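# Coordinate analysis (summary)
Here is how the chains run, residue by residue.
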Amino acid sequence: MIPVAEPELGNEELNNVIAAFKSGWISSKGAFIPQFEKKFARYCGVRHGVSTFNGTAALHLALTALGIGPGDEVIVPSLTFIATANAVAYCGAKPVMVDVHPDYWCIDPQRIEEAITPRTKALIPVHLYGHPCDMDAIMAIARRHRLLVVEDAAEAHGAECRGRKVGSFGQVSCFSFYGNKIITTGEGGICITGNKRLADTMRCLRDHGMSTARRYWHTVVGFNYRMTNLQAAVGVAQLEKIDAFIEKKRAIARAYRNALRTLSEAGSVRLHPEMDWARCVYWMYSILVEQKLGMSRDRVMAVLGKKKIESRPFFYPLHIQPPYRNGTRFPVAERLSKKGICLPSSVSLDEKTIIRIASFIGN
Ligand SMILES: *Cc1c(COP(=O)(O)O)cnc(C)c1O
């Protein structure tokens, strides 16, 4: 089976894990953790990094540190992985959904303002499938309405909006290092921020709310959301390769674009977008199956499956899923969700395989 995304792990990761193991520091103390936090934050152009045991914990930690709680509303795109909304719900706040942009699939800035109420406290733009949100438009709205911004960059490490890396716009930005993400630590996540006080608050909350000055003195109800040194050991090695991974993802996108050119010119499929202001990292190369293909999205997936090629449907929009269903409709998110497929996008994929995968689409 050709998977949609498998991690690319080498001797560098293995050697770091062995070093961490031999040091005896296998829990959440150890030298790889601060090293990983500093390097990842610097990679994004931000000063502080607070690692967590997964990306969902990072989102919850960020929102908690920003004081999001019961009675607050937080704006999220309807088309995202459910963890974005769940993190809001964990705070006792309400995720308020907004439709996405038809051209690049991320939250539509033009739809954000209509969803703002006096209870709105924050926005969570999600850089979906590797494409950045229009952060300039979003930050302008946030400033105008005095809203906090938490970027969910779990799928877009290294993506850029008008030459600036995602993760460097919001008050806090969150990343995931799950096994299929651009870089991985097995499970893992991080919050990055330019604000030292916020970073300190997140460090405290991550460690049971314990005072850094006084052991076993707890100032707030915190969590155990710490990353382990073993995870960070993998992360440090992965971070050395991140630019090479992204170049490879972009080469995979070029190969799919070439292989699917005829279908795309005929209007039978729509290719993964890259707006002229964006640098997309194509976390999972994705296409939309249009009516003209004469083969339904689910049929395309079944055909690929028979050839032992894994593919994934787009996420179901939040607003149709049981925890968040509320009668509202978001036509763009619904349309994309029905048409979208994520295709194999592992860094190890070669062009010949991509041409072969593309040859089954529509045939
Ligand atoms: C993967 C992902 C997350 C959650 O990350 P985990 O590390 O799996 O908890 C959150 N948001 C988005 C958009 C994701 O793709």
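On a predicted model such as this, the values are computed, not experimentally measured, just so you know.

The environment of the ligand is formed by 14 residues, the closest being Gly 55, Thr 56, Glu 155, Ser 176 and Lys 181. Contact between the ligand and Thr 56: an oxygen atom at 2.5 Å from a side-chain N or O atom of the residue. Here an oxygen atom of the ligand sits 3.1 Å away from a polar atom, N or O, in the side chain of Lys 181. Protein chains shield 92% of the accessible area of the ligand, which is 380 Å² for the free molecule.

To continue, consider the pairing of strand 2 (residues 73-77). Most of strand 2 is tucked away, with five of its five residues classed as buried. Neither face of strand 2 is exposed, since Glu 73, Ile 75 and Pro 77 on one face and Val 74 and Val 76 on the opposite face are all buried. Where strand 2 meets strand 3 (residues 94-98), five bridges bridge the pair, whose relative direction is parallel. Counterpart to Val 76 in the pairing with strand 3 is Met 97. Read from strand 2 through helix 4 (residues 83-90) to strand 3, the crossover connection turns out right-handed.

Once that is clear, we can look at the sheet that holds strand 6 (residues 160-161). Taken in spatial order, the three strands line up as 7-6-11 in an open sheet, and their pairing is antiparallel. Each end of this open sheet is capped by a strand with a single partner; those strands are strand 7 (164-165) and strand 11 (278-279). In terms of strand pairing, strand 6 meets strand 11 through two bridges, oriented antiparallel. Bridging across to strand 11, Cys 161 finds its partner in Ala 278.

Taken in spatial order, the seven strands of this open sheet run 1-9-8-5-4-2-3, and their pairing is mixed. The sheet terminates laterally at strand 1 (48-52) and strand 3, the two strands that pair on one side only. Going across the sheet, the axis of each strand differs from the next one's by a mean of 25°, ignoring polarity.

Turning our attention to the packing of helix 2 (residues 32-44) against helix 8 (residues 229-240). Put simply, helix 2 and helix 8 touch, their axes get as near as 8 Å, and they point 40° apart. Regarding helix 2 and helix 8, the two cross each other, and that crossing is left-handed. Contact residues: Phe 32, Ile 33, Gln 35, Phe 36, Lys 39 and Phe 40 in helix 2; Asn 229, Ala 232, Ala 233, Gly 235, Val 236, Leu 239 and Glu 240 in helix 8. The residue inventory of the contact of helix 2 with helix 8, partitioned by class, reads eight nonpolar, three polar and two charged.

Basis of the calculations
Residues numbered from 1 in each chain as written. Predicted model: local features only at pLDDT ≥ 70, side-chain atom pairs only at ≥ 80, totals over all residues. Heavy atoms only, no water. Near = heavy atom within 4 Å. Polar contact = N/O pair within 3.5 Å; in protein donor to acceptor, adjacent residues only side chain to side chain. Areas by Shrake-Rupley, 256 points an atom, 1.4 Å probe, with all protein chains shown as cover. Buried < 20%, exposed > 50% of the residue type's maximum accessible area, 1.4 Å probe, protein only. Helix = DSSP H or I, 4+ residues; strand = E, 2+ residues; numbered from the N terminus. Pairing = 2+ DSSP bridges. Right-handed = clockwise from strand over helix to strand, strands pointing away. Axes fitted to C-alpha atoms, helices over the stretch in contact; angles between N-to-C directions. Left-handed = near helix turned anticlockwise from the far one by under 90°. Contact = heavy atoms within 4.5 Å. Nonpolar A, V, L, I, M, F, W, Y, C, P; charged D, E, K, R; others polar.

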